[in-house]
Amino acid sequence: RLLFAVSALLLVATLTTACGSRSRELEPGTYRAILELPGGELPFGLDVAQEEQGMVLYLVNGEERVRVTDVTVAEGSLTATMPGYENTLTAEIRGDKLTGEVSLLRAGGERQVLPFRAEAGRTWRFFETPATDNADVAGRWSVMFTTDQGKESPGIAEITQSFERVTGTILTPTGDHRFLAGEMRGDELHLSRFDGASAYLYKAKVDADGQLVGEYWSGKTGHQSFRGQRNPDAVLDVSGVATALKDPAVKLGLTFPDLDGQRVSLSDPKF
């Protein structure tokens with residue numbers, strides 16, 4: 001009996017150690033990831049893949065899949081640096097769950113830190129159970145944003161909808177918000193995006209007049225309210241932000257090597 005008891009204890013200890021070891025390993029698969037913003041949870045898709053050179057992450061927003069190759073997994077910790085930016089994701093690995101933070105580098109060297117968590121095996125974005133009786137928001141919308149200080153700026157929302165699933169983007173005079181993805185839930189619109197560079201969260205509602213009324217958060221400090229109405233002919237006036245040389249008589253003197261190592265200059269005759 002004593003021998004049996006000792007053997008059983010050793011077996012339990014071995015299994016516990018093995019399970020503990022596995023729980024500290026990053027398992028490939030699909031994760032539902034979340035960043036915490038002042039406006040609430042910003043969900044995005046996170047795919048973990050074991051490739052020839054090692055672990056690779058994919059940040060998923062609708063059709064967009066941002067490949068992150070600068071990934072280190074060691075001693076139960078995950079560290080990833082976003083491509084093209086000095087933004088980082090760090091997390092502790094606990095079985096099928098990741099817990100940590102995303103650090104975003106902002107103007108002037110300031111860093112914004114957003115709490116991060118993810119769980120494997122979950123493929124839904126905002127809501128686990130989709131709603132079936134949803135408002136139709138597909139189309140082109142003329143949007144007016146208002147900052148907390150009362151400054152207004154125009155935009156255009158381009159939205160595609162299939163049942164409860166919604167994707168699209170926001171056009172502004174200086175650029176766009178790239179791939180937004182989310183869902184309709186009744187008359188409420190939820191959209192988000194994290195691509196390693198920007199963290200956007202939209203929450204809006206279709207009011208009694210058929211207008212979109214909501215709020216938008218960017219990272220930890222950006223916040224604006226907005227109101228939109230359908231307008232298939234909406235256009236943006238970009239004349240106020242057009243780029244031009246201060247002195248039109250001055251030419252740009254750029255010279256760089258091409259892919260074959262040959263120097264190419266804007267002053268070359270072919271240009």
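Look up: the structure comes first, before these words.
One structure accompanies this document, and this report is about it. Owing to the predicted nature of the structure, the values given are computational and were not obtained by experimental measurement.

Analysis parameters
- Residues numbered from 1 in each chain as written.
- Predicted model: local features only at pLDDT ≥ 70, side-chain atom pairs only at ≥ 80, totals over all residues.
- Heavy atoms only, no water.
- 1 Å grid on protein atoms, 1.4 Å probe; cavity = no way out; pocket = protein on both sides within 12 Å on 5 of 7 lines; lining within 4 Å.
- Points joined across faces, edges and corners; volume = space filled by probe spheres on them.
- Helix = DSSP H or I, 4+ residues; strand = E, 2+ residues; numbered from the N terminus.
- Nonpolar A, V, L, I, M, F, W, Y, C, P; charged D, E, K, R; others polar.
- Buried < 20%, exposed > 50% of the residue type's maximum accessible area, 1.4 Å probe, protein only.
- Pairing = 2+ DSSP bridges.
- Axes fitted to C-alpha atoms, helices over the stretch in contact; angles between N-to-C directions.

The subject of this paragraph is empty space enclosed by the protein. Evaluation of the coordinates by the stated rule reveals one cavity of 30 Å³ or more. Counted as a void, the largest cavity has a volume near 100 Å³. What lines the largest cavity is a set of 15 residues, and nearest its centre among them are Ala157, Ile170, Leu189, Tyr202 and Phe226. Those elements that place two or more of their residues in the lining of the largest cavity are strand 11 (152-162), strand 12 (165-172), strand 15 (188-194), strand 16 (199-206) and strand 18 (222-230). Of the residues contributing to the lining of the largest cavity, the split by class is 11 nonpolar, three polar and one charged.

Our focus in this paragraph is unusual backbone geometry. Even without being glycine, Phe163 reaches a positive phi, approximately 55 degrees. Residue position: Phe163 is located in the loop between strand 11 and strand 12. Classification of Phe163 by relative accessible area gives exposed; the value is 71%. In the Ramachandran plot, Arg178 falls in the positive-phi region, its phi being about 55 degrees despite a non-glycine side chain. Residue placement: Arg178 occurs in the loop between strand 13 (175-176) and strand 14 (180-185). With a relative accessible area of 41%, Arg178 lands in the partly exposed category.

A volume near 530 Å³ is recorded for the largest pocket. Taken together, 28 residues form the lining of the largest pocket, with Thr123, Trp124, Arg125, Arg165 and Glu183 sitting closest to its centre. With five residues, the single largest contributor to the lining of the largest pocket is strand 14. Of the residues assigned to the lining of the largest pocket, the class counts are 11 nonpolar, eight polar and nine charged.

Before going further, it helps to spend a moment on the sheet that holds strand 4 (residues 64-68). Here nine strands make up an open sheet; going across it, the order is 4-3-2-1-9-8-7-6-5 and the pairing antiparallel. Whereas interior strands pair on both sides, the edge strands pair on one side only; in this sheet they are strand 4 and strand 5 (70-74). Averaged over all adjacent pairs, the angle separating strand axes in this sheet is 25 degrees, with direction ignored.

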